[in-house]
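Listed below, chain by chain, are the residues.
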Number of protein chains: 2
Amino acid sequence: MASQSKEDYIKVLYKLEQENKVVSTNDIASFLKMKASSVSDMLKKLAMEEYIDYTKYKGAKLTKKGVSKALSIIRKHRLWETFLVNHLKFKWDQVHDIAEQLEHIDSDQLIDKLDHFLNYPKSDPHGDPIPGKNGEIINLGHTPLNELNLMDNGSIAAIKKGTPSFLQYMDKLGIELGTKIKVIDKIEFDKSLEIKIHNKSIHLSQEVAQNILIKI
Amino acid sequence: MASQSKEDYIKVLYKLEQENKVVSTNDIASFLKMKASSVSDMLKKLAMEEYIDYTKYKGAKLTKKGVSKALSIIRKHRLWETFLVNHLKFKWDQVHDIAEQLEHIDSDQLIDKLDHFLNYPKSDPHGDPIPGKNGEIINLGHTPLNELNLMDNGSIAAIKKGTPSFLQYMDKLGIELGTKIKVIDKIEFDKSLEIKIHNKSIHLSQEVAQNILIKI
DNA sequence: TTAAATATTTAGCCGTGTCTAAAAATTTAT
DNA sequence: ATAAATTTTTAGACACGGCTAAATATTTAA
């Protein structure tokens, strides 16, 4: 089994690869709040264990083995979050740090049984898809709220940014998974928008709207 | 928070103190399968952090702080075991290693909520008492089976030795928590005994009987 | 009560995963 | 096209938690 630390790197690699193609040492360092030199060392080790393809000065990319490892960690993370919210009655903004610890527990049988107990959920409390046992990840076909057109209707499907403060802001706005919304104004100037929700109209910055995923 | 490794030492210290008064370096080493020199090093650190009272060459003893830490780890271990068996449907011989990992997860809130979810259990799947939030440990007043008198009746209250193979042996004998038994013969020669269980008579060595706790 | 056996500690080494400072490679800008 | 800026790697250090081998204390036995 990869150490906790290595698992953390693999997770970040996966996350950053979603955005870019190849991931740079500095990107990882700033994400993990570590020094580039530490990252450089670790990349060498991960390459040696064939979790990544890595050429000095050229950045890193997960191998098949690496992606599969990443998906298994994400699967564990999201299943635990689901357990914490649905059964232990945590709020959706309280579960991240705990799941961050639980995701490193090493037992396939445990995860199989947890999955069964939770009734094979397809997404976690933030609406993110839960990878399957073999790494299958369902594309739920969601659209960032800021990409909707004027007068489009939809419902909240997922919150992309899972930080406590962002989720608490969502709570304050009355936004939860499944809530119906309608785009009633789009402001050219700053790309912000006005939506109708719970029959009230609220204003959202582009920054915020980007992090709210909609099912149309 | 104490490291995982330190928590392991504290747990062993607690366990060994139940049997002896002061715990020797070698006892710990053989229990943890480590070298005495490593234990010696660690005892120094634990003493520095005031988890133990330690005098060179004289052995170690948990302080109040140490005992309270030990009880909190045991509490977590047993609550998780209860979850694994009662909700995830693990067998009682499969949960030890997984609970060994889960017990190091650091979140008081998590344990509070788990305790609530489990409906505040007083004992775990092996019949061992679960320490309370503040370290209260209920004495369930159990008697080792080998200390019962001829013709005494009782029911299985706990299995002291929680190794998979011992628990599997219990399964084979039809012994589970709550099973009624009666002592029908005590053999002086080797301290073994004959008990009636499920209306059949079975023979148990002293070694085995010592590890079965009875509620009379 | 002293020598032998045993238990414990110390000294020094190693791998892991971090760091700082310096060197080297790459990228950007003139 | 080369100098400057930036990024990345290397070198060397450190804390942690193990280890082996040697030294030292303690206990046991002659």
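Residues numbered from 1 in each chain as written. Chains lettered and ligands numbered in written order. Predicted model: local features only at pLDDT ≥ 70, side-chain atom pairs only at ≥ 80, totals over all residues. Heavy atoms only, no water.

Here the focus is the overall build of chain A. Broken down by element type, chain A carries eight helices and eight strands. In terms of overall dimensions, chain A is globule-like: its C-alpha atoms have a radius of gyration of 19 Å, near the 17 Å expected for 216 residues. Expressed as lengths along the three principal axes of its C-alpha atoms, the size of chain A is roughly 55 × 45 × 25 Å. With 216 residues in all, chain A has 47% of them scored as buried. Sequence-distant contacts in chain A: of pairs separated by 6 or more residues, those separated by 24 or more amount to 59%. On chain A, roughly 11,600 Å² of surface is accessible, and the fraction owed to carbon and sulfur atoms is 49%. Averaging the coordinates of the 32 positive side-chain charges in chain A and doing the same for the 30 negative ones gives two points 1 Å apart. (Helix = DSSP H or I, 4+ residues; strand = E, 2+ residues; numbered from the N terminus. Rg over C-alpha atoms; globule rule 2.2 N^0.38 Å. Buried < 20%, exposed > 50% of the residue type's maximum accessible area, 1.4 Å probe, protein only. Contact = heavy atoms within 4.5 Å. Areas by Shrake-Rupley, 256 points an atom, 1.4 Å probe, with all protein chains shown as cover. Lys, Arg positive; Asp, Glu negative; His and termini not counted. Charge placed at Lys NZ, Arg CZ, Asp CG, Glu CD.)

Positionally, Asn26(A) belongs in helix α2 (residues 25-32). As for Asn26(A) and Gly59(A), which are separated by 33 residues in sequence, their C-alpha atoms are 9.3 Å apart.

In this complex, chain A contributes 20 residues to the contact, which on the side of chain B involves 20 residues. When chain A packs against chain B, close to 1,700 Å² is buried across both sides, 71% of that on carbon and sulfur atoms. By the criterion of area lost to chain B, the three top residues of chain A are Leu88(A), Gln101(A) and Lys113(A), representing 28% of everything that side buries. Where chain A touches chain B, the interface holds zero salt bridges. On inspection of chain A and its partner chain B, the count reaches four residue pairs in polar contact (both at pLDDT 80 or more). Broken down by secondary-structure element, the contributors of at least two residues to the side of chain A that touches chain B are α4 (64-86), α5 (96-102) and α6 (108-117) of chain A. (Buried area = accessible area lost by both parts, 1.4 Å probe. Salt bridge = Lys/Arg side-chain N within 4 Å of Asp/Glu carboxyl O. Polar contact = N/O pair within 3.5 Å; in protein donor to acceptor, adjacent residues only side chain to side chain.)

What follows is about the packing of helix α1 (residues 4-19) of chain A against α2(A). Residue and element names in this part refer to chain A. Here α1 crosses α2 at 115°, and the two axes come no closer than 10 Å. Where α1 crosses over α2, the two elements pack in a sense that is right-handed. In this structure, α1 uses Asp-8, Tyr-9, Val-12, Leu-13, Lys-15 and Leu-16 to contact α2, whose residues at the interface are Asp-27, Ile-28, Phe-31 and Leu-32. Of the residues in the contact of α1 with α2, the class split is seven nonpolar, no polar and three charged. (Axes fitted to C-alpha atoms, helices over the stretch in contact; angles between N-to-C directions. Left-handed = near helix turned anticlockwise from the far one by under 90°. Nonpolar A, V, L, I, M, F, W, Y, C, P; charged D, E, K, R; others polar.)

What follows covers the packing of aromatic side chains. In this structure the tally under the stated criterion is nine aromatic pairs over all chains. Relative to Phe83(B), the ring of Phe117(A) has its centre 6.0 Å away and its plane inclined at 90°; by these criteria the two rings are edge-to-face. A residue pair is termed interchain when its members come from two chains, as with Phe117(A) in helix α6 and Phe83(B) in helix α4 (residues 64-86). Taking relative accessible area as the criterion, Phe83(B) reaches 0% and is therefore assigned buried. (Phe/Tyr/Trp six-rings, centres within 6.5 Å; stacked < 30°, edge-to-face > 60°.)

Further remarks concern the protein's contact with DNA strand D. Around DNA strand D sit 23 residues in total, of which Tyr54(A), Lys56(A), Ser3(B), Ser5(B) and Ser38(B) are the nearest. In the model, a phosphate oxygen of DNA strand D is placed 2.9 Å from a nitrogen or oxygen of the Thr25(A) side chain. Here a phosphate oxygen of DNA strand D and a side-chain polar atom of Ser5(B) are 2.6 Å apart. Secondary structure elements with two or more residues in the surface near DNA strand D: α2 and α3 (36-48) of chain A together with α1 (4-19) and α3 (36-48) of chain B. Per-class residue counts for the surface near DNA strand D are seven nonpolar, nine polar and seven charged. (Near = heavy atom within 4 Å.)

So, about α4(B). Spanning 23 residues, α4(B) covers 32 Å between terminal C-alpha atoms, matching the ideal 33 Å at 1.5 Å per step. Among the 23 residues that make up α4(B), 17 are buried, leaving the element largely enclosed by the rest of the structure. (Expected span 1.5 Å × (residues − 1).)

Attention now goes to the protein's contact with DNA strand C. Close to DNA strand C lie 22 residues; Ser3(A), Ser37(A), Ser38(A), Tyr54(B) and Lys56(B) are nearest. For DNA strand C, the fraction of atoms within 4 Å of the protein that belong to sugar or phosphate moieties is 72%. Ser38(A) places a side-chain nitrogen or oxygen 2.5 Å from a phosphate oxygen of DNA strand C. The contact in question runs from a phosphate oxygen of DNA strand C to an N or O atom on the side chain of Thr25(B), over 2.9 Å. Elements represented by at least two residues in the surface near DNA strand C include exactly α1 and α3 of chain A together with α2 (25-32) and α3 of chain B. Ranked by the residues each element gives to the surface near DNA strand C, the list is headed by α3(A), at five residues. Tallied by class, residues from the surface near DNA strand C come to seven nonpolar, nine polar and six charged.

Further remarks concern the relation of the copies chain A and chain B. Expressed as a screw transformation, the operator carrying chain A onto chain B has a rotation angle of 180° and an axial translation of 0.0 Å, and the superposed copies differ by an RMSD of 0.0 Å. Both copies are brought into coincidence by an operation consistent with a two-fold rotation axis. By C-alpha distance to the rotation axis, the residue of chain A lying nearest is Leu102(A), at 3.8 Å. A share of 100% of the interface residues of chain A reappears at the interface of chain B, consistent with the copies meeting face to face through the same patch. (Least-squares fit on C-alpha atoms with pLDDT ≥ 70 in both.)

Here we come to the packing of α1(B) against α3(B). All names here are of chain B. At a minimum axis distance of 11 Å, the contact between α1 and α3 shows a crossing angle of 95°. Here α1 lies roughly perpendicular to α3, going by the angle between them. Side by side, α1 and α3 meet where Ser-5, Lys-6, Tyr-9, Ile-10 and Leu-13 of the first sit next to Ser-38, Val-39, Met-42, Leu-43, Lys-45 and Leu-46 of the second. Looking at the contact of α1 with α3, its residues break down into seven nonpolar, two polar and two charged. (Parallel < 35°, antiparallel > 145°, perpendicular 65-115°, else oblique.)

The next thing to look at is the sheet that holds strand β4 (residues 153-159) of chain A. All names here are of chain A. Taken together, the six strands give an open sheet; going across it, the order is β3-β8-β4-β5-β6-β7, and neighbouring strands pair in antiparallel fashion. Taken across any chain shown, the strands that pair with only one partner, and hence form the sheet edges, are β3 (143-144) and β7 (200-204). In the packing of helix α7 (residues 164-173) onto the sheet, contacts are made with β4, β6 (193-197), β7 and β8 (212-215), and the angle to β7 comes to roughly 155°. (Pairing = 2+ DSSP bridges.)

In terms of domain boundaries, chain A breaks down into domain 1 (4-62), domain 2 (70-139) and domain 3 (143-215). Distance from the C-alpha centre of domain 1 of chain A to the C-alpha centre of domain 3 of chain A: 33 Å. (Domains from an automatic or database assignment.)

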